[in-house]
Amino acid sequence: MRIVIGEDSALFREGMAALLESAGHEIVGRAATGAAAVAQVRAHRPDVVVLDVRMPHGDEGIGAALEIRAWDPPTPVMLLSQHIETRRTVELLTSGAIGYLLKDRVLDVDEFLLSLERVAAGGTALDPDVVTRLLGAARASSVLDALTPRELDVLRLMAEGWSNAAIGARLFLSERTVETHIGSVFAKLSLDGSPDGNRRVRAILAYLETQTA
Amino acid sequence: MGQAAGTPAVQQARTRVPWTTIAVTFLVAATLVAVVLLAAYAGPWLEPPDRVAVVIAVAALQLTLAVVVAKAAPGDVTGPLLASLGLILVVTNCVRTEEVGIFEGTWMLLYLPLALVLIVVPGGRPASGLWRVVTAVLCGVVGTFVVGNAVRSTVAPESNELTVVGFVLLALFFVLVVACAFAPFARYRHAGALERIRLRWVLVSGLSLPLTLLLCWASYLAFGTPDLVGIGLLVMFLAIPAGAAIALTRPQLFDVDRVTVSAVTALVLLAVALTGLSVAGAAAGTGMDEWPAVTAAVTAASTALACVVAFPFARRGFDRLLYPERARSVAQLRRLSWRVDAGLEGPEGVEDVLRASLRDPGLVIAYRRLADHTLVRLDGQLVAAGTAFTAVRSRGEEIGAIVPSATRAKRPAAAIARATAPLLDAVRLRSELTIAAAEAEASRERMLRAGYEERRRLERDLHDGAQQRLVALGMQLRVLQRGAGADDPIAAALDEAVAQLGTAVVELRQLAHGVRPSALDDGLAAALAELERLSPKTIELDVRAGELPDAIATTAYFVVNEAVANALRHAEASRIRVLVRHECDELLVRVSDDGCGGAAPRTTGGLTGLSDRVAALGGRLSLRSSAETGTTVEASLPCGS
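Residues numbered from 1 in each chain as written. Chains lettered and ligands numbered in written order. Predicted model: local features only at pLDDT ≥ 70, side-chain atom pairs only at ≥ 80, totals over all residues. Heavy atoms only, no water.

Section: a nonpolar patch on the surface
Residue and element names in this part refer to chain B.
1) Next: Taken together, Val133, Val137, Val164, Phe167, Val168 and Leu172 make up a surface patch of nonpolar side chains, about 530 Å² in accessible area.
2) Next: Of all the elements in the fold, those that place two or more residues in the nonpolar patch are helix H6 (129-155) and helix H7 (164-181).
3) Next: The leading source of residues in the nonpolar patch is H7, at 4 residues.
4) Next: By the element assignment, Phe167 lies in helix H7.
5) Next: For Phe167, a relative accessible area of 53% puts it in the exposed group. (Patch = residues over 30% accessible without salt bridge, like charges linked within 9 Å, V, L, I, M, F, W, Y side chains within 5 Å. Areas by Shrake-Rupley, 256 points an atom, 1.4 Å probe, with all protein chains shown as cover. Salt bridge = Lys/Arg side-chain N within 4 Å of Asp/Glu carboxyl O. Helix = DSSP H or I, 4+ residues; strand = E, 2+ residues; numbered from the N terminus. Buried < 20%, exposed > 50% of the residue type's maximum accessible area, 1.4 Å probe, protein only.)

Right under this line is the structure:
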């Protein structure tokens, strides 16, 4: 893949570049600020952009991501953050072709590369912590009281962006059982259960957002 | 006088010494010379030594007052007038004027400075053209009389009869002196507030004139001769200069109204007593001077005793009569004091009471702050420097002031200040205490907020600094690992190193989380949900709270965190329930468990710290703990925006 990296810490930026290159990807642009990252993306039209949420002037990364996402066609963006902040990101996450991970997930290289590819393909990759926080907030306002613990687990993994098969593998369930759970979750939350994985995540996130806002 | 003022004016320009200082110095020197000359040459014409001593003592006092006045009011003619009084007193009263013909008319000189003082004080000049004429005519009359008498005694020493001219001059003199007694009254009507206070002093000192008359009466009554008049004159010669000196130098020295009331009371009592004695004499058919000595002494003593006993009552009566406002104020202040003592009212009402009773809606009560002694109003506003006020004292210390409106230059009486003192003392301590408590509370809250801000910064620094570096290092190791190939033993070692780094990052994240959970950025509900997720036991969360101020949310989070930690650590609880409600501008946080209880604020140090945090935000933390019902920690935090 052709990748642009936007990251203000040179140490981290070069580390990331070396890691991605060692995995066979091509780094077509490096930027230390949000504006520079936007310019690089405009010049090189990469397959995916890796952006640090926090750059010198506050959460520049989110501003840059929003700008890039507004173009037609939108370039996939993988946001990396030192800590989770859902307040400004939820809106962004409902658009698809987006990822939002904690920086230390990078150390689990194989899974990180999988997530990056999923995002580049138009999918979604959400950090489990982000999902927990969204679900937690929704649960605190008791909208998820109707779900069984197992259904909550399924919902959590759906929100992270996994496919039915991947969810089944992680929970040691058959894909068919997973589908049953999903149907039940959608029915209890009165959501439109589309088969398309990405639209499914978007529906869930939109739902969580309206419940926690 | 005009000439006297003219010549030294030139001198003043040259040497900057006021002419009055020069005149007073000259007159003092002249008096000393006169004393020395009299002692040396007067011989047989000198009065008896005791009388000379009294005269010189009185003159010395007058000269001292003259010096004080000349210093305090340079350029004011009063100083030289008082000094000339000393000189004249020595010259005319140490010599037997009836023996020295040339001195025969000089007694009139003695009254001239006194009359002029009444005309010129305060201000240093006659109040109007009319009074200038009076001054000039009086000087002319006295001058003519003195010179005329001297000439007559030289030319025809044997003729002792009063001439027609002499009679006219005498009559004119009496009329003018009586007129001078009215000069302060004429001035009073147009005077400003401070000038009125000065004039009151002059008027009070003028009461020595009726005193002299009353003494004359008493003297005739008791001894059949006017001998006591001498004492009255002596008093007058001291009282009027003293009154003028106080008026010009320190008009606020004493409460002039109080002095006036006392003096008037004494005079009236004296008059009443004398009337009684006169009536008694008339009824007995013989004058008191012809009574047996014992009867006279007993009568006089009992009359004096009655006067002494009656004095305070009479004074209060006159006080009410002459100054009804003050009497009303003091009575109302006493009533308020009583009501405050009885717990019916707060002492803060003192300002309203004084405003109403003194009919001054702009009046302000101020107290001296304990910390820096600055004068402040009850609402904490500073009182401008230079404002006229009556000081209020308690236990010898100035604790505050009654500040009348700017339009009222007359300050409230000292009696009012005394009645105000206990009330103001209470007001002062109360408001100082309130301010101190509020300040302590505010500073506690500031420290808490600063602490939370510090935690937020530390948390960010941990994330952006050390944590980020460790992750970057981990990535470099991963790159090396990938380059090494899967079966290289180095790769396994590197994998292990990255795993260690990952643990370090997690620990760092937990450390930062303990400092301040970043989930708080997303609200209290999100932070508590994370707390629940990380907890080893299920926590039943029931959180209904909208947007909260950061300090409130953080405190609430720490309350739950500590209470849950306690329950997990000590209580052996099977259920932990957290309830958060935001209702009526108050956030209620309740953490209850079904454990074995036994939690007490003293044994659980963490709860004590929490209690301080909650109190810093004006909230309350309560703890109920028993073996039957488990432990409940409840905090309520006011969060009215």
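Quick notes on the sheet that holds strand S2 (residues 375-377) of chain B
Across a sheet, strands are paired by hydrogen bonds formed along the backbone, either parallel or antiparallel in direction.
Residue and element names in this part refer to chain B.
1) Next: Reading across from one edge, S2-S1-S4-S3 is the order of the 4 strands in this open sheet, with antiparallel pairing throughout. Two strands lie at the open edges of the sheet, namely S2 and strand S3 (390-394), each paired on one side alone. If you compare each strand with its neighbour and ignore which way they point, the axes differ by 30° on average.
2) Next: Looking at chain direction, strand S1 (residues 364-368) and S2 are connected through 3 bridges and run antiparallel. Residue pairing in the sheet places Arg368 in a bridge with Leu375 of S2.
3) Next: Sitting on the sheet, helix H15 (residues 350-357) touches S1 and strand S4 (397-403), and the angle it makes with S1 is about 140°.
4) Next: Sheet contacts for helix H16 (residues 414-484): S1, S3 and S4; angle to S4, the most-contacted strand, approximately 105°. (Pairing = 2+ DSSP bridges. Axes fitted to C-alpha atoms, helices over the stretch in contact; angles between N-to-C directions. Contact = heavy atoms within 4.5 Å.)

Comments concerning the packing of helix H9 (residues 193-206) of chain B against helix H12 (residues 256-284) of chain B
Residues and elements named next belong to chain B.
1) Next: Direction vectors running N to C along H9 and H12 enclose 20°, while the axes themselves pass 10 Å from each other. When the interaxial angle is binned, H9 and H12 end up roughly parallel. In terms of crossing hand, the pair formed by H9 and H12 is left-handed. Mapping the contact onto sequence places Ile197, Arg200, Trp201 and Val204 in H9 and Val256, Asp257, Val259 and Thr260 in H12.
2) Next: For the contact of H9 with H12, the per-class residue count stands at 5 nonpolar, 1 polar and 2 charged. (Parallel < 35°, antiparallel > 145°, perpendicular 65-115°, else oblique. Left-handed = near helix turned anticlockwise from the far one by under 90°. Nonpolar A, V, L, I, M, F, W, Y, C, P; charged D, E, K, R; others polar.)

Considerations on the environment of B:Ala150
1) Next: Among the structural elements, B:Ala150 can be located in helix H6.
2) Next: C-alpha of B:Ala150 to C-alpha of B:Thr106: the two residues are 44 residues apart in sequence and 8.8 Å apart in space.

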